Structures are given as structure tokens and as C-alpha cells.
Amino acid sequence: MTEKSYRDAIRDAMMEEMDRDGNVLIMGEDIGVYEGTFRITAGMLKKYGPKRVIDTPIAEAGMVGTAVGMAMLGLRPIVEMMTMNFAIVAADQILNHAAKVRYFSGGQVDVPVVIRGPQGAGVQLSAQHSQTFESFYAHFPGLKVVAPATPADAKGLLKTSIRGRDPVIFLESAALYGMKGEVPDDAGFTVPFGVSRVAREGSDVTIVSYSRMLQMSLIAAEKLSRDEGIECEVIDLRTLRPLDLEPACASVTKTHRCVVVQEQWKPFGAAAEIAASITETVFDELDAPVARVTGEDVPMPYARNLEVLATPHEQHVIAAVKKVMYANG
Amino acid sequence: MADIIMPKMGDAMTEGKVVRWYKKSGDAVKKGEPLLEIETDKVNLDLEAEQDGTLGNVAAEAGQMVEVGGVLATILGAGEKAAPRQEPSAEAAPARRAIDKKDSIKKSTGEYAEAIDMKAPRIDRTAAASSEPVPQDAGGRKRSSPLARKMAREMGVTLEQVQGSGPGGRIVANDVKNFKPAAASPQKAKTPSLPPIQKLETKEIPLSAMRRTIARRLAESTGPIPHFYLTADYDVTNLLSLREQLNEIEGIKTSVNDFIVRAAALALRHHPNVNASWGDEAIKQHGEIHIGIAVSTPEGLITPVVRNADQKSVTDISNEVRSLADKAKNRKLTPNDYQGSTFTISNLGAWGIEQFTAIINPPNVAILAIGATSAQPVVVDRQVVIRDRMKVTMSCDHRVVDGALGAEYLRTLRSYLEQPVRLVL
């Protein structure tokens, strides 16, 4: 184990896989000479050369279309989006091509492409560049959607993404890039898709989350434990498609209360899907409606104080936990 | 100068809200005059001036929350001047902020912690779009969480009895867990549910031996026996209180009917002609008092007998009746258990029947029909008071018992029931 940042863990995963498999390559805007807007690809051009670390024009649809073609013919391209907001331009390539080629080819052709990049708010990038896309992509069959919350999971899940047969939307949290954590050094280390983990054990309320909101939920859980004596069990989903709700449902069977935390807007968000599935599965165990903690239903403001107001924080999780415990008086 | 402070109106109260001021700064106030209305978590109330004077600085405006013990205003005596109003000093505000910041966890919110602290009224993101109170279902169905329903099923608790503590009266798991069936008190009794609706079908129910016997004997009764009926209304307040005292003794559980059995038996000792049977040649008076008690079973009616009831204590009668009733319900009665009664009691009080007439159980010459006990306004010493009343109707075989005799028996019974101390003699 070595302590690594989320950013370095992502770079390590890509470089280990590029060392391991000559078919793995990366393309994107400003990833080569400039070494990436968030410096994820630092040193990669130097090590692997311009045939495997490809600076592209500002043309996301073209990048993804090219990558889909590469993948159909046997390469394993990684496409870095400067932010996932720009991938909207390539939505047709992602949703109607990458996600559909195996189906249209009767299972003959796989598209092992990884589309990765940062998303989410917290770094003052305003309305067009602070959005989160997990529910958007997770809606479509044919895609995998990954949203790691720790450096170790970022590395392990990205390696699984690169090695797999499917197009993967790999959602990084811009606000987590600097976060440090223990990461296994073993080059064979991977984290499988569709296996949620219990990030914190507790007996009173189940909190279900992923990515940055998972970290925020853990802080809320510690505060609740310290100040209120309420012990939350926190479930990290890791991947949203496939979605593994077994540990969450098992936890709700124990706690009888559930709060789902997402950064996204509330309507039609991931939390809606998660809450509905939990309600379907363990209805008789629930002592309160599943609560959702979400972002405010507005385009993300640029002003720092307004951005803070528009995103969920610990106190919102704490209020929701108390609400499902009927502890708000 | 006297401070008016936010009073502590209960252990749980930590702060109160100023609703409105009736007086403003500078107004003359008199002792006992209401100055302002405050709102606590439980009540709204007026605070009165405790001395004459002039209302000085008002420290808390309408709508403001004030901690218990916090100063609301001052009353100035003659010649006193209001102290200059204390504005929050420039140093004080940042100090408070500093505490807030220290307290907040900044790990994930980082540099934004300050902005969060500055945040004005917090928005409850978990609240449903409409914050209107959820009304209870008009149909009387109580809202309950799925877990509460599951627990209630497992514990055999009916949700109708449980008080919900959740939003809109929702019954939650804790309410079921902490639910204790209400003590048998008529005030607390909940509306009983209707018996289940049975399937409508045309069918023949074969006559059981028991049903044949009931039919034959009761027809024999109303046919040849000239019935007449006397009703008396008894004050059983003292009887109920005696029963309550008795039942407070560990291991004793008596019913009102147990007392009636003993009272009826003792009253028969005064009127042996009621403890008799009609014969074509002679009226037979019985040397012993055996009280039959009508017991309903799924199959029908049967009257097990408490023998020599006049010689048994209420608790002995109680134990015997319970055991006989159990036997009757399990069809374990032997002929010795139900033959040979000399007088019968039928009690439909438990079904809420106020008054009814029973058919004599031959060869008895009388039967008592006991109605429900209920609290009634009655005139005692020219005052309207609430007393527990019970109606008893006696059916008599006119061949043996004349009206006067029946009335005398009921009067004697009144003495035993209304002065129940006689029952212990």
C-alpha cells in the first residue's frame, strides 16, 4: 500500500494498463504536450509517445467516434474529456454507437472504450461545467457507469474499465483529485463492477452514496456519531451501472431507515432510482420513507457563496438522517 | 429597575418567542398589567408587569426567539432612566463567528465552510414539495410505516389502538414497540371493530343435539309458562368500587357477574318461593340454592350450575364460573355441571345490552336478565351526580311467583347490590 492522491491513482491505473497491453492508448484535448488540464496525464506523452498519447482537436464527437472505431477493430482507447460536460457534444457517438454496436452486430463486435473525465461542482466552473451525469448515462443499456469515491477504487475500477469488453463512462470528481488514500501497489489489483461496499458500519440509519458525496456522507456520519450518538451505516455504490443494492438492502433490513445522497438535481436523479429500488426490495423493513439529499434544482451558480448553497453539505445529510429517525421534534 | 425575563414554562423549554408587545418603550405600566405575549413550544401566554413603572428598553422584538432567562425588557421606577441600548459591539460578532467556524467540520467543505456558516435560513432539501400537513385518511385508516405494520402483525397488535408519533400521525416502529394495551377503562375503550362480514349462502345447518334441546326446552317454557317481567334499575357504583378493590389484590380477578351470582343467591334465602319449581300437584321449594349461569358457546347456549352459591365467597364463585365457562367452551361439561339449577342468571352486559328479557329455564320459576352497567346522571340528595347504573329484568313464572313476590325479591336484591358490604357478611 502507498498513500496516493485520487489523481495519481487514475494516472497509475492508465500507465499500468498501457504497460501491460500495447493496445491501450489515450486521446483527448491538451493531454499530451500540456499534460492535461487537471494534470492527470502528466509524463505520459514523454513515456508512450504521440501514437499512444494523442492530442486531439476540440472535437468531442470526432474523438469518441474515432475511439469507437478503434475499439471495434481491437484497440482499447481511453478518451479523456476535459470535463464530462463536453461529452454532451459526443452524446450520439456514446449513446447511439458505443452503447449499441454489440447489439446491432448480433454480439460479434465489442466496443471496449473508456470515456473518462471530471464532473461535478465545487470548483467554481459555473452552470455549463459543473454538472453531474450519472443518471443520464446509467439510463442507457449498453454502458457501464463508474463513480469511485476513493483513490484505491479509482485505480481498481479504472483498470477493470480498461480491461473490459464494454464502453465505460468513468466519472471522476474534480473536487476529489487532491484527496489522498491508501492504494494497493500490486499491478494486478482491480475492483470489480457491481460490488458495493460498506464504507462505515452503523446500526441506526443507512446512507447510500457514491463518489464525492460518499466522502461527505462519511463526515456527516462521524459528526452524527460524535454529537448525536446516531450510528450511520454508509454504503459506497462504486458503480451505478451495474447497480449493486444488496448491501444497501441488507443494511436497511438492519436499520429500517435510509438516506440517499447525490450531488445531482433531485428530479429523475440517481437517488430516485436507488430509493425506488430499495423501497421495492425491502418495503416491509422501512420505518420511514427513503429520504433524498440532492443539489438545488438550479443551474450551478458561478458565485462561490451561491455554489455552496446549491450543493449538498454535511448538515443536509444530518437533517435527513434525523428526519428518517423522526428525531427532528 | 426590574428586568422582565423569559420564564421557564416547563423542564423542556429552552427558549420562547415574543409574539407581540402590548406596550412600547416609554409607556407607563401598572402591576398586573399584561406587557407582552410569548409563545413556548406548548402554550401562548401573557407576561404581566410585576411592579408599577415605565417600560424601559425593549430588548426583544416581536418574532424574536429569546433564551430562558433572557431579558425581554426592563421596568423603570420613578426617576430611573433607561440604560443606553446595547448594540452588538464590533468585536462580539466575529467572536461568535469564530466559534461557529471552529465547530464546523471543514474537511470536505474546505474553504467554503465559512460560506455555509453564513448561510441564511436552511432549506430542507429532503422535504416534499408541499409542506402542508398530511391529513389523516378520512376513512379512519391510520397511516403507518411498512415496518410498523410488519411489527404489529408479528406482535398481534392492532394498529387502530396505536397512537402514531410520526408526521401526519404516522405510526412508526417505536410506537408499536412501546405500545401497551390500554387498561380496561370504559373511558379509554376504543371503538370495537365490527365482526367480520360472513359469506352469504343458502344452506341447511343440521340441528345439533344441543340446538334441539334449546328449542324444545324454551318452547316448553314460553308455551305453558305464563311469563311476566319486572325491571329494576340498580345503583352499582359501590359494587364496582368494591370489585376494583378486590381485584387490586394479587391473584384475584372477579367480574361484576360473580357479585351478582352471590347477591342473587343470598336474596333467594329471603324468598324461598322464588327458589322453587312448578308441579302439577304441588309447588316444590328447593332446600339448596343452585344458580345456573347462561353461557354462550359457538354451538349454542348452556347453563352450567354453581351449586350452593349462597354458601360460597365471590372469589370462589368467580373461580368456579371461570372453570365452568372454559369447560362449556371446550364442550367438556358433564351433566353434573349443568343439571339441577334452581335459579338462573343471564348476563348480556358484556355485549352492551342495556336491558332485555330472558326466557325461564324450566323447572326454574324465575330468571334474571342482567344488562350493561353504564354511568348515568342521577339525582341524589337533590344533586345531579354521575352514578353507575345497571338494569335487571326478572322473568317470573306467574303460576308460582306473583308480582308482589317478584318485586320483593328485586328489592332484596337491591340491598345486596347497592350495599355490597352485605355480600361479605
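So, here is what we can say about the structure in this document. These numbers were taken from a predicted model, which means no experiment stands behind them.

### Description of the overall build of chain B
Item 1. When you go through chain B residue by residue, the secondary structure sums to 10 helices and 18 strands.
Item 2. Across the 425 residues that make up chain B, the buried fraction comes to 37%.
Item 3. Taking all contacts inside chain B whose residues are at least 6 apart in sequence as the whole, residues at least 24 apart take part in 58%.
Item 4. Carbon together with sulfur atoms contributes 52% to the accessible area of chain B, which is approximately 25,900 Å² in total.

### Some points on the overall build of chain A
Item 1. Each helix and strand in chain A was counted, giving 13 helices and 14 strands.
Item 2. A buried classification covers 59% of the 329 residues belonging to chain A.
Item 3. Sequence-distant contacts, at least 24 apart, represent 81% of the contacts inside chain A between residues at least 6 apart.
Item 4. For chain A, the accessible surface area stands at approximately 12,500 Å², while carbon and sulfur atoms represent 55% of it.

### Some words on unusual backbone geometry
When glycine is set aside, most residues are seen to have a negative phi, and most peptide bonds are trans.
Item 1. A cis amide bond links arginine 241 of chain A to the next residue, proline 242 of chain A, at an omega of 0°.
Item 2. One can find proline 242 of chain A in the loop between β12 (239-241) and α10 (246-255).
Item 3. With an omega dihedral of 5°, the bond running from proline 362 of chain B to proline 363 of chain B counts as a cis peptide bond.
Item 4. The phi angle at aspartate 30 of chain A is positive, at roughly 60°, despite the residue not being glycine.
Item 5. Relative to the assigned elements, aspartate 30 of chain A resides in the loop between β2 (24-28) and α2 (44-48).
Item 6. For serine 126 of chain A, which is not glycine, the phi dihedral falls at a positive 70°.
Item 7. Tracing the backbone shows serine 126 of chain A in helix α6 (residues 126-129).

### A short note on the side chain of arginine 11 of chain A
Residues and elements named next belong to chain A.
Item 1. Relative to the helices and strands, arginine 11 is located in helix α1 (residues 6-20).
Item 2. Residue classification places arginine 11 among the buried positions, given a relative accessible area of 13%.
Item 3. For arginine 11, the side chain forms a polar contact with the side chain of aspartate 8, separated by 2.9 Å.
Item 4. Excluding its chain neighbours within four sequence positions, the residues that come into contact with arginine 11 are Arg39, Ile40, Thr41, Ala42 and Met44.

### Some words on the pairing of strand β17 (residues 366-380) of chain B
Item 1. Pairing geometry for strand β16 (residues 343-347) of chain B and β17 of chain B, over 4 bridges, is parallel. Paired with isoleucine 345 of chain B across the strands is leucine 368 of chain B, a residue of β17 of chain B.

### Some thoughts on α1 of chain A
Residues and elements named next belong to chain A.
Item 1. Between the first and last C-alpha of α1 there are 21 Å, a value that for 15 residues agrees with the 21 Å anticipated at 1.5 Å per step.
Item 2. Here α1 lies mainly inside the structure; 11 of its 15 residues are buried.
Item 3. Burial in α1 covers these residues: Tyr6, Ala9, Ile10, Arg11, Asp12, Ala13, Met14, Met15, Glu16, Glu17 and Met18.

Procedures and definitions
- Residues numbered from 1 in each chain as written.
- Chains lettered and ligands numbered in written order.
- Predicted model: local features only at pLDDT ≥ 70, side-chain atom pairs only at ≥ 80, totals over all residues.
- Heavy atoms only, no water.
- Helix = DSSP H or I, 4+ residues; strand = E, 2+ residues; numbered from the N terminus.
- Buried < 20%, exposed > 50% of the residue type's maximum accessible area, 1.4 Å probe, protein only.
- Contact = heavy atoms within 4.5 Å.
- Areas by Shrake-Rupley, 256 points an atom, 1.4 Å probe, with all protein chains shown as cover.
- Polar contact = N/O pair within 3.5 Å; in protein donor to acceptor, adjacent residues only side chain to side chain.
- Pairing = 2+ DSSP bridges.
- Expected span 1.5 Å × (residues − 1).

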